[in-house]
Amino acid sequence: MLISFHNMSLKIKAILLFIAVNSVFSFGQNKIQSPDEFLPHNIGEQFTPHHLLVDYYEYVAENSPYVQLMDYGRSYEQRPLKLAFVSTPENLEKLEDIRLDHLRQTGLVEGESTSEFAIVWLSFSVHGNEAAGSESAMPVLYDLINPENAETKEWLKNTIVILDPAVNPDGYSRYTHWYRRYANAIPNPNLESLEHKEPWPNGRVNHYLFDLNRDWAWATQTESRQRLKVYGKWMPHVHADLHEMGVNNPYYFAPAARPYHEYITDWQADFQREVGKNHARYFDENGWLYFTKEVFDLFYPSYGDTYPIFNGGVGMTYEQGGSGRAGREATMDNHHILSLHDRVEHHKTTALSTIEIAAKNADRLNEHFRIYFNDAKNNPQGDYKTYIIKGDNAKSKLERLTTLLDRHDIRYGSVSTKTSLSDAYNYRTAETGKANLEKGDLVISAYQPKSVLTQVLFDPEAVLEDSLTYDITAWALPFAYGLEAYASKERINPTTTFELAENATRERLSNVYAYAFRWESLQSATLLSALLQEGFKARFANQAFKSGKHKFERGSVIVTRGDNPDIEDFSEKIEALVDEMAQEIVPLRTGFMDAGPDLGSSNFTLIHAPKVALIGDRPTFPNEFGQVWYYFEQELAYPLTIIRGNEITRTDLSNYDVLVLPEGRYRFGDTERQLLSSWVSDGGHLIAMGYAARALADQKEFGLKSDKNKGGNGSDDTVKARLRVHGTSEREAISSSMAGAIFKLKMDDTHPLAFGLSDTYFSLKTNTLAYPYQTSLANVGYLEEELTHVGFAGEKAKAKLQQTIVFAVENKGSGTITYMIDNPLYRAFWEEGKFLFSNALFFVGQ
């Protein structure tokens, strides 16, 4: 029935609208609108703003008994994170019972399971500018609940489908809003058009410019953390991650490329193949191009396919050609037009095909799920059965580690008696020998439901069956956290609960001379950050010192009453701040030390609260810029100013004490180099990271020099070496590559850049930049001639790295330059790297 609202009063309009809407709903499922009917555009005609995508999911959930909608959190920019649970009304009524019965198969919930349901989780557009994923999430939902689609209703009888329609709403919104603002009214498929040239930083990344598809295991970002809370409560049998790639690529789906991580089971690999064959059936019918078994491997543990696999499921990546460059239409190399409608249709097809094959194999999925977790609890795969983290590691490091373990439901405990271990791998020395397990140590047994994930994250080195891999090849958490830890092949069951040590009871003194705290982790830097922002003046120790029973190593921080005469209620304010942050601080009644320098000595350097500027926008790499930005705002809670890269010469750098150059493709001209050089000479501190350091190397204004003969045309560059077979060119290239391996550095722990660290540091190296030991710089962290590393590094790359620096400091006039050849803030999961960067920020150049 048509209802005309023309010339009616607002009151009558409202009444008629209410009647019309409720009449539609009263007819039930048949009247639920499709996305084309609900949205102001048809799917594929235009990109859908995130709020309209959410509106459609809410509309369907309100009107269909086949859907329950859940808010599982908010993004950094406060956009809602939604999950839709789709199944029959009968199943949704007992959804919690189904979930618990399913989890009983894993051992995460006690009891016997009789579950016969398949649990399928589909994630759309973890990379926001791969927007065809989220666009397809709407027709996928509609096809599942559409009463006229009898086939999907049959699937839902034994299947719970979980849809995450926009994993990265901030990135998705950044892209779709930009596109809608700048795209032509009539789609222009010419890739030279502005609508195909997304600006920096593009929509791939989240608010802090992190790649959320690399963050599943590390859970550094708020979107990842909130998603994991729900994921761990469901532990799906099947997880598919819907992506996009280059415009000219055909569709990619499982099975994945080699290398596979060695802990992936035959069943998981075989079922991927079955899923792929089911997809191929639909693609063959439509004549759509596709490929499998290439490019996208299953090794790195923090992807949306591997993380589910290491949690017992079958994880898969699907890739549609398009991404942010394709817009609504794009001309391909074969002169065909790739449309947004086509991209959405392809994704919808694989999404529904995934649900179909899972539903038809629910019994097998449950059978092998039970086998997987039974083996995990009783017969772990790897050589190492127990991981021991020494209890006398810094409490704050243990706290950060156990927080991560809790996020992944990895169980741990301790022991009540001392035990001697033989053939234990020592993460500090990267050698095998004897070790002691003592009361209070943190013990993680591989005999538990999360056995495989535990081993993947803690094994010193994963077996790499093929060096042609897509990402970093080493990540063991004890290296990343800078922990004294051991891996043992013996089974050791925790017998007691692990408890973090209580903070020592602070002595209450009536007249405090100073406060001191140890410099031992990132949490030490957060306390210093807070003190400086509250106006306190502090100093760091260049020598160890002792007061009574309290020993303090280099880098320890003191806050004296004498440096802060203008702060009223000196003791009360400091102690209140420390208590609020739940950290430890030691009150000292005198400046006269029992050992080491007295507190008034020049061996205590005054820390000036640095005014920090960070170069952003082009030419910086979005991910690497974001890692620094995130460190300051979310880890350190310290203010900074972001300056566009092309505005350095228009910026008054004298307003800043520290300037950070994150990795990027810098092309400094004479003017920029001279400006930076003069600013440093006048007292500035420049921190150059990765490829930013390369932009300064061998320039007359700066001291970092490369050895032109190192890695150049040496003896390998012979006529024979040039006559390479074309088919082996990719493998030839990897001999000079560094996808991501952990290297053991020698550290000069007497230098402020290394305070709080030991004389070794494990660095995650993701580039092949190589600079020999420097004659005019302090070589603080460096590789020796004999390299110790885990993970893949090409032979030619390793030859270049022998006897090279990784961290160095140049004194220039009144200022300083810190060169970080490796990025210590990489993906925000290298905890010891954050600590090292804090040294650069607060200690170097003071």
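Just so it is clear, the structure is predicted and the values come from calculations on it, not from any experiment.

K.L.:
Can you help me understand the sheet that holds strand β14 (residues 419–426) in this one?
P.N.:
Pairing between sheet strands relies on hydrogen bonds along the backbone, with the strands arranged either parallel or antiparallel. A sheet is described by the order of its strands in space; here five strands give the open sequence β15-β14-β17-β13-β16, paired in antiparallel fashion. Taken across any chain shown, the strands that pair with only one partner, and hence form the sheet edges, are β15 (431–437) and β16 (442–445). Taken over all neighbouring pairs, the strand axes of this sheet differ in orientation by 35° on average, direction set aside. Contacting β13 (386–389) and β16, helix α16 (residues 451–458) crosses the sheet at an angle of about 55° to β13.

K.L.:
Whenever I open this one, the layout of surface pockets confuses me. Can you help?
P.N.:
In this structure, the largest pocket spans a volume of roughly 1,000 Å³. Elements with a minimum of two residues in the lining of the largest pocket: α12 (323–326) and α20 (622–636). Among the elements that take part in the lining of the largest pocket, α20 stands out by supplying four residues, more than any other.

K.L.:
Looking at this model, I keep getting lost on the environment of T497. Mind explaining?
P.N.:
On the secondary structure map, T497 appears in the loop between β17 (485–488) and β18 (514–517). On the accessibility criterion, T497 (59% relative accessible area) is exposed. Residues T497 and V443 lie 54 residues apart in sequence; the distance between their C-alpha atoms is 9.6 Å. The residues touching T497, leaving out its near neighbours within four places in the chain, are G413 and S414.

K.L.:
Sorry if this is basic, but what is going on with the sheet that holds strand β22 (residues 557–560) here?
P.N.:
Pairing is antiparallel in the open sheet, where five strands are placed in the order β23-β18-β22-β19-β24. Taken across any chain shown, the strands that pair with only one partner, and hence form the sheet edges, are β23 (586–588) and β24 (604–607). Taken pair by pair, the neighbouring strands of this sheet meet at an average axis angle of 30°, ignoring direction. Strands in contact with helix α18 (residues 522–533) are β18, β19 (538–541), β22 and β24; relative to β18, the strand with the most contacts, it is inclined by about 150°. Here helix α19 (residues 570–580) sits on the sheet in contact with β18 and β22, set at roughly 20° to β18.

Criteria and thresholds
- Residues numbered from 1 in each chain as written.
- Predicted model: local features only at pLDDT ≥ 70, side-chain atom pairs only at ≥ 80, totals over all residues.
- Heavy atoms only, no water.
- Pairing = 2+ DSSP bridges.
- Helix = DSSP H or I, 4+ residues; strand = E, 2+ residues; numbered from the N terminus.
- Axes fitted to C-alpha atoms, helices over the stretch in contact; angles between N-to-C directions.
- Contact = heavy atoms within 4.5 Å.
- 1 Å grid on protein atoms, 1.4 Å probe; cavity = no way out; pocket = protein on both sides within 12 Å on 5 of 7 lines; lining within 4 Å.
- Points joined across faces, edges and corners; volume = space filled by probe spheres on them.
- Buried < 20%, exposed > 50% of the residue type's maximum accessible area, 1.4 Å probe, protein only.

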